[in-house]
Amino acid sequence: MDQQGQNGLLTTYREGWRKRGLSGILISLLLIGFYLFLYFEDKVHRYYHVRPLTDLAASLGLRNRWYLYGFLYCAAMLFGAFYYLKRHGNSRYNRIRISVNVAVQVMLGFLLPFIMPLFGGTEFYASYFWPLKYDYLYPHTLQDLPLYLAVYTIAGSLIAAPLLAFFFGKRWYCSWVCGCGGLANTFGDPWRHLSSKTTRSWRFEQVSVHTVMFLAIASTALIGLDYLMDNKSSAFHAVVSGNRWDDWSIKYVYGLGVGAILSGVAGTGLYPLLGPRVWCRNFCPMAAMLGLIQKLGRYRIRVKPDMCISCGNCSTYCEMGIDVRSYAQNNESFTRASCVGCGVCAHMCPRGVLKLENVKPLATEKGRQGLPIVHL
Amino acid sequence: MGPSSRIVIIGNGVAGMEAALLIRAREPQWPITIISEESDHFFSRTAMMWVCCGQMNHQDIEPLQRDAYANANLTRIRARALGIDRSAQQVLLAGDHPPVPYDQLLIACGSRPRPGPWKGSQATGVGHFVTMQDLEWLEDEIHGGPASTRAPRHDAHLRASNPESPYFKRGTALESRGSTSSQPAVIGGGLIGIEAIEIMVAAKRTPHFFIRDEWFWPIALDTRESRWIGERMEQHGVQVHLEHEIEELVTDDNHRLTGIRTNQGEFGADLAVVAIGVMPNTDWMANSGVELHPRGGIPVNGSQATNDPNIFAAGDCAVLPWWDGTQRPEQLWYTSRDQGRVAARSMLGEKATYQRGLWYNSAKLMDIEYTTAGFVNLNITGERNWYFEEQGSVRSTIRIVTLSADDQDNGNQSDHNQGQRVIGFNMLGRRWDHSILLQWIRERRSLQWVLDHLKDASFDTELTPPLRIPKSALQQEPIAATARKTNQPTIEPPTFF
Ligand SMILES: Cc1cc2nc3c(=O)[nH]c(=O)nc-3n(C[C@H](O)[C@H](O)[C@H](O)COP(=O)(O)OP(=O)(O)OC[C@H]3O[C@@H](n4cnc5c(N)ncnc54)[C@H](O)[C@@H]3O)c2cc1C
Ligand code: SF4
């Protein structure tokens, strides 16, 4: 059966672990601990001579702990998707979106990169693009890829992704394809109401997400320049790329700071405290880039005039912290750069006020026709 | 900019707040005071049901951030108004608050629940669902307390309030019994009633639902539509009792509710939400000399002014002339907001008139969405109904009310006045853009034209399977409306559009 609205009342705040209380803090600490261990197991091993994740991976027949992580990631998504669909699966948009997202992650984000090397192929993550996957435009990476994959990466990152975002909004990536978004919308979905809706958090997001985008572009450009200079300046090379991978070079710092700490440890670790899109909203360079294109493009949330009862369901359940209600109660159709088009505001709205759509820019606005006419 | 005027607004509901913000936008210097007994912050009354079940917390239903009062430089007084001294131009407050002087006063004091007229209506375990204090009472009775620890200060006013006030927090049966309700009941089959039912269902109870009418919500739904809602309620375990007249709310020695006796028998119940309507919340100003309608509302003219030129009224408490000649309040969120805006403009000295356009509304009945526009269920002489029930993967109903067009034709050139002319829509299950439906009514479109263009008014979410009406259904003639309440009088067709 296909329905559009929220199917029955949610008991969100009556479930203790979803309330940003003690159990939320505990879950958060567990997640953060897991990520720290995952990223720094080598260091732990150096001092304590244990590496449980690597051992567990080996016993499961997975090549290394990153495949174990990939496996757990898929399991968490599947599990989360099951509960997401129990809550919101009465709507077809939600069903199709989540299924596609999970399928992409399991196939392109796990199975394919696992299987390809078995047949002598490259370990390649086809669902990730630059600048999210920041090293995919590094010259050395491109050099090592087979030609067709190098072309795929360049064309995907620089042409297809922006173009699709122009026509359909950034949701095509952030809510249908991306693994980070996928985990947020499945495993992280129980905490979506915890994102902050204040103007302050919006200001923070604008500064931080564009800063990271700048850092992503700048570091990639420097690394490209370093490659072109072909080690002519060893000082420059040392600063930009480092002589060993873990020298404190720009490349290493970006990878550690953005790739590990912000996207993994903080991004996922803070789900139970700040909502599931901490990374996507505040730090993801891909989201920032596609967001700017989205503002110029055709995607928007349409608001049905004079029907909003200011209830706040849309704002509460916006994982990106957009105060949707402030637009809806002003009869204002809108496009926000951060909106990932998950569709939950439209789904939650008890008065059917909101609708996601792709329209030609400047399509005529219907305005307040036919409503209580106030002669001012 | 006119001469400075001291503005006092009674009520920080949508009408009062909207007016305050609009006046502030125009007149940065005017002193504006808002008096509210119910709550510190403006909140969305329409959203109380979601707070009760835990879908949102108390702060989530506040449409403005909490610094809004400070940012707009609005003075707030949390107190109960006890009357208006018109000769001294001041509002009298309960407790030790000094009177508040005004140059212009806006009364936006909303509605209060209609009390049950039966024996036992004051028992512990009996309450309503209209005010913030009602919400807190129901949170206690059903769940043992609020879901969120950030609940508002409900007791701020208590020392100066009294049990007559709708904002007085009732004692709970929870206190004396020590446990939450296991067999709740709701009396009154309207929108607030079904919201209370949903809260109970979400809390995994199987409530009794006592409805006086022949079917659920006859002022808006016909039998076929209502049957679907009824089915959905029963699937959720609701015990729907139609055509039950309440005779007594039965209590024990502790004056606690134990059952409900109707003309058809007695039913055990330890909690009853009485939702038999709301009425203007104006008893506190009965002796102020501001004219009141016999049924309690404050009559206003098109500029929202009362009989006193310095006193205005807006929102649920104001009474306006309707198209059918009656004088009634409009108890809706969006009309309260618009009335607040018009009142503000009048107080600013601008010429503004509030004109109610065609009726529209939407609601959600259990999980079925409902949109209505125009003249529906009014039993207009000569009215016909075209009805279609979709039973595919989407379930929906479409009811289009028509009048025969010939005598209404006022020389319009186009052919869309032929045959049946559309005057109303009643839609369940799918989403519709009411603004387009209303436009068609005003454009006097024919039934045929409307059916041909129906998809233009669709507001379904993306990927929802599109509505397909089979040819046979499209060619059906509308039939004289039969699904009527017994003895419902007919009324003459509206002449104003
Ligand atoms: C459960 C429920 C669900 C609803 N759902 C919908 C819906 O879905 N759609 C819709 O259109 N409408 C709905 N309504 C109706 C809608 O909420 C009202 O029409 C609207 O809130 C009226 O706003 P108002 O500003 O006129 O008054 P209110 O919001 O009632 O505000 C009145 C204010 O006056 C103050 N006040 C009153 N008396 C005094 C006094 N003596 N001293 C000091 N202060 C005083 C109170 O503190 C309060 O702040 C619903 C109502 C209820 C109860
Ligand atoms: S748009 Fe819908 S969900 Fe959002 S505040 Fe308005 S009525 Fe509520």
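Just so you know, these numbers come straight off a predicted model, no measurement behind them. (Residues numbered from 1 in each chain as written. Chains lettered and ligands numbered in written order. Predicted model: local features only at pLDDT ≥ 70, side-chain atom pairs only at ≥ 80, totals over all residues. Heavy atoms only, no water.)

Considering the overall build of chain B
Note the threshold: By the criteria applied, helices consist of DSSP H or I runs no shorter than four residues and strands consist of E runs no shorter than two, each listed in order from the N terminus. Here the radius of gyration uses the C-alpha set of atoms, whereas the globule reference equals 2.2 Å times the residue count to the power 0.38. Burial status follows relative accessibility: with a 1.4 Å probe on protein chains alone, a residue under 20% of its type maximum counts as buried, one over 50% as exposed, and anything between as partly exposed. Throughout, a contact is declared for two residues whenever any of their heavy atoms are within 4.5 Å. Only the protein chains shown count as covering a residue, and every accessible area follows the Shrake-Rupley method with a 1.4 Å probe. Charged-residue counts in this description rest on Lys and Arg as positive and Asp and Glu as negative, His and the chain ends being excluded. In plain terms, the charge of a residue is placed at NZ if it is Lys, CZ if Arg, CG if Asp and CD if Glu.
When helices and strands are counted, chain B shows eleven helices and 28 strands. Taking 23 Å as the expected radius of gyration for a compact globule of 497 residues, we find that chain B reaches 24 Å, a close match to that expectation. Oriented by its inertia axes, the alpha-carbon framework of chain B measures out at about 70 × 60 × 45 Å. Relative to its 497 residues, chain B shows a buried fraction of 61%. Partitioning the intrachain contacts of chain B with sequence separation of at least 6 by distance along the chain shows that 67% fall at a separation of at least 24. With the model as given, the accessible surface of chain B reaches about 19300 Å², and the carbon-plus-sulfur share is 48%. Distance between charge centroids for chain B: 2 Å, based on 48 positive and 60 negative side chains.

Description of the domain arrangement of chain B
Residue and element names in this part refer to chain B. We apply this condition: Domain boundaries shown here were taken from an automatic or database domain assignment. Summed over both partners, the accessible surface that disappears when two parts come together, traced with a 1.4 Å probe, is what is meant by buried area. Counted as salt bridges are all cases of a side-chain nitrogen of Lys or Arg within 4 Å of a carboxyl oxygen of Asp or Glu.
Domains assigned within chain B are domain 1 (7-112 + 279-347), domain 2 (115-276) and domain 3 (360-480). Summarising the inter-unit geometry, the C-alpha centres of domain 1 and domain 2 are found 27 Å apart. With 25 residues of domain 1 at the interface, the matching set in domain 2 holds 33 residues. Area buried by domain 1 at its contact with domain 2 is led by Met49, Cys52 and His58, which between them contribute 26% of it. Summed over the shared surface of domain 1 and domain 2, the number is zero salt bridges.

Here's the deal with the site of ligand 1
Our working definition: Residues are counted as near a molecule or strand when any one of their heavy atoms sits within 4 Å of it. In protein, a polar contact requires one atom able to donate a hydrogen and another able to accept it; more generally it is a pair of N or O atoms within 3.5 Å, and residues adjacent in sequence count only if both atoms are side-chain atoms.
Lining the immediate environment of ligand 1, one finds 35 residues, of which Arg351 of chain A together with Glu38, Ala81, Asp316 and Trp333 of chain B sit closest. Near ligand 1, the surrounding residues belong to chains A and B. Here an oxygen atom of ligand 1 sits 3.1 Å away from a polar atom, N or O, in the main chain of Val14 of chain B. Ala108 of chain B places a polar main-chain atom, nitrogen or oxygen, 3.4 Å from an oxygen atom of ligand 1. Against a free-state accessible area of 1000 Å², the protein chains account for coverage of 95% of ligand 1. Among the secondary structure elements, those contributing two or more residues to the shell around ligand 1 are α1 (14-26), β2 (32-36), α6 (191-202) and α8 (333-347) of chain B. With three residues, α8 of chain B is the single largest residue contributor to the shell around ligand 1.

Quick word on the site of ligand 2
Close to ligand 2 lie 13 residues, the nearest being Cys308, Cys311, Gly312, Cys314 and Cys349 of chain A. For the shell around ligand 2, the elements supplying multiple residues, two or more each, are α16 (313-316) and α17 (324-328) of chain A.

What about the sheet that holds strand β9 (residues 126-127) of chain B?
The condition is simple: Strands were regarded as paired on the criterion that DSSP finds at least two bridges between them.
With parallel pairing, five strands are arranged side by side in an open sheet as β9-β16-β10-β11-β12 (chain B). Of all the strands in the sheet, just β9 and β12 (239-242) of chain B have a single pairing partner and so form its edges.

Topic: the environment of Asn12 of chain B
All names here are of chain B. Among the secondary structure elements, Asn12 is positioned in the loop between β1 (7-10) and α1. On a C-alpha basis, the gap between Asn12 and Ile260 in space is 36 Å, while along the polypeptide they are 248 residues apart. Leave out the neighbours within four places in its chain, and Asn12 touches Met17, Ile34, Ile35, Ser36, Ser39, Asp40, His41, Phe42 and Tyr69. Among the polar contacts listed, one links the side chain of Asn12 to the side chain of Ser36, at a separation of 2.9 Å. Within the structure, the side chain of Asn12 is placed 3.5 Å from the backbone oxygen of Ser39, a separation counted as a polar contact.

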